[in-house]
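What the coordinates show
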Amino acid sequence: MEIRETHRNKYTISTDKKKLDLLSIHKFLANETDWAKGIPIETLKTSIENSLNFGIYYERKQIGFARIISDFSTIAYLGDVYILEEYRGKGLSKWLMSEIMEHPNLQGLRRWILLTDTAEWLYKKFGFKKIPKPELYMEKHNPAVYSSHKTNEVK
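Given the structure is predicted, the values throughout are model-derived calculations rather than measurements. Residue positions within a chain follow its written sequence, with the count starting from 1. Local features in this predicted model are restricted to residues of pLDDT 70 or higher, and side-chain atom pairs are both shown and tallied only at a pLDDT of 80 or more, whereas totals for entire chains, interfaces and linings draw on every residue. Derived side-chain values reflect all non-hydrogen atoms in the structure, with water molecules and hydrogen atoms excluded from consideration.

**Considerations on the overall build of the chain**
The numbering of helices and of strands both runs from the N terminus, where a helix is a DSSP run of H or I of at least 4 residues and a strand a run of E of at least 2. Each helix and strand in the chain was counted, giving 4 helices and 6 strands. Listing each helix as α and each strand as β along the chain from the N terminus yields β-β-α-α-β-β-β-α-β-α. The globule rule is 2.2 Å times the number of residues to the power 0.38, and the radius of gyration it is compared with is taken over C-alpha atoms. Over its C-alpha atoms the chain spans a radius of gyration of 16 Å, differing by no more than 12% from the 15 Å that the globule rule assigns to 155 residues. Relative accessible area decides the class of each residue, using a 1.4 Å probe on protein chains only: under 20% of the type maximum gives buried, over 50% gives exposed, and in between gives partly exposed. Across the 155 residues that make up the chain, the buried fraction comes to 38%. Put simply, 60% of the contacts in the chain that link residues at least 6 apart link residues at least 24 apart. Throughout, the Shrake-Rupley method with a 1.4 Å probe supplies accessible areas, and for residues the shown protein chains are the sole cover considered. Accessible surface, the chain as shown: approximately 10100 Å² in total, 51% of it carbon and sulfur. The sign given to each residue is positive for Lys and Arg and negative for Asp and Glu; His and the chain ends receive no count. Where a charge lies is defined by one atom per residue type, namely NZ (Lys), CZ (Arg), CG (Asp) and CD (Glu). Each charge class in the chain can be summarised by its mean position, and for the 25 positive and 20 negative side chains these summaries are 2 Å apart. In what follows, residue pairs with any heavy atoms lying within 4.5 Å of each other are defined as contacts.

**Examining the confidence of the model for the chain**
Across the chain, the average pLDDT comes to 93, with 95% of residues at 70 or higher. pLDDT is a residue-level measure of predictor confidence that goes from 0 to 100. A low-confidence stretch, residues 151–155 stays under pLDDT 50, and its non-local contacts, those more than four residues away or across chains, total 16 contacts.

**With respect to the nonpolar core**
Nine residue types can take part in a nonpolar core, namely buried Ala, Val, Leu, Ile, Met, Phe, Trp, Tyr and Cys, and a core is a set of them joined through side-chain atoms within 4.5 Å. The biggest cluster of nonpolar side chains holds 37 residues, and the ones touching the most others in it are L78 and I100. Residue contributions to this core peak at 6 residues, all from helix α3 (residues 92–102). In contact with L78, other than residues within four places in its own chain, are A66, R67, I68, M97, I100, I113, L114, Y123 and F128.

**Things to note about unusual backbone geometry**
Phi angles above zero are rare outside glycine, and N9 is one such case at about 50 degrees. Mapped onto the fold, N9 is located in the loop between β1 (5–8) and β2 (11–14). Assessed through its relative accessible area of 81%, N9 is described here as exposed. Positive phi, normally seen in glycine, also occurs at D80, with a value near 55 degrees. Its location among the elements puts D80 in strand β5 (residues 75–83). Judged by its relative accessible area of 12%, D80 falls in the buried class.

**Topic: the sheet that holds β1**
Read across the open sheet, the 6 strands follow the order β1-β2-β3-β4-β5-β6; overall the sheet is mixed. The open sheet terminates on both sides in strands that have one partner only, identified here as β1 and β6 (111–114). Strand-to-strand twist in this sheet, taken as the mean axis angle between neighbours without regard to direction, amounts to 20 degrees. In the sheet, β2 pairs with strand β3 (residues 52–58) via 4 bridges, with the strands oriented antiparallel. Across the sheet, I13 pairs through a bridge with I56, a residue of β3. Lines fitted to C-alpha atoms define the axes here, with helix axes fitted over just the stretch in contact, and angles between the N-to-C directions of these axes take values from 0 to 180 degrees. Lying on the sheet, helix α1 (residues 22–32) is in contact with β4 (61–70) and β5; it crosses β5 at an angle near 90 degrees. Strands qualify as paired when DSSP identifies two bridges or more between them.

**Looking at the pairing of β4**
Of all 10 residues making up β4, 7 are buried, and the element is well covered by its neighbours. The pairing of β3 with β4 spans 7 bridges and is classified as antiparallel. Looking across to β4, one finds that I56 is bridged to G64. Where β3 folds back onto β4 in an antiparallel hairpin, the turn is made up of 2 residues, including E59, whose phi is positive at roughly 55 degrees. In terms of strand pairing, β4 meets β5 through 6 bridges, oriented antiparallel. Across the sheet, G64 pairs through a bridge with I83, a residue of β5. Adjacent in sequence and paired antiparallel, β4 and β5 are bridged by 4 residues, among which F72 carries a positive phi angle near 60 degrees.

In structure tokens form, the structure reads like this:
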């Protein structure tokens, strides 16, 4: 898949996996989120290898991230979206979401999936809405999966 990059002033969004700061991403996800608390770094590496990743950078410092799991023809799952706290309030999350939603390999999909309890206002701007028939939705969820592994957390 072709690498895409866009720039605004000193900020860059890139899909280049080689630019990702794995330790920075791991530190945030493993320590600052409820959804990936304690994620082992090896699990994170595998998830990144098997996803379309969007890194957001200030100069060369990784300040945000999002990834897409998709078959690139019918469905996409948006996950692990974040902007570091000190960079929030600058429109970066809207820009990141625009880049994701405009990516040429993610057009014409029948369904997008997102699980979130934060920033609902942001995702609504991009067409996401509550599940209209939650009774049709099923999941197998193990919220303790990472607590059974040694996490090698970055402090």
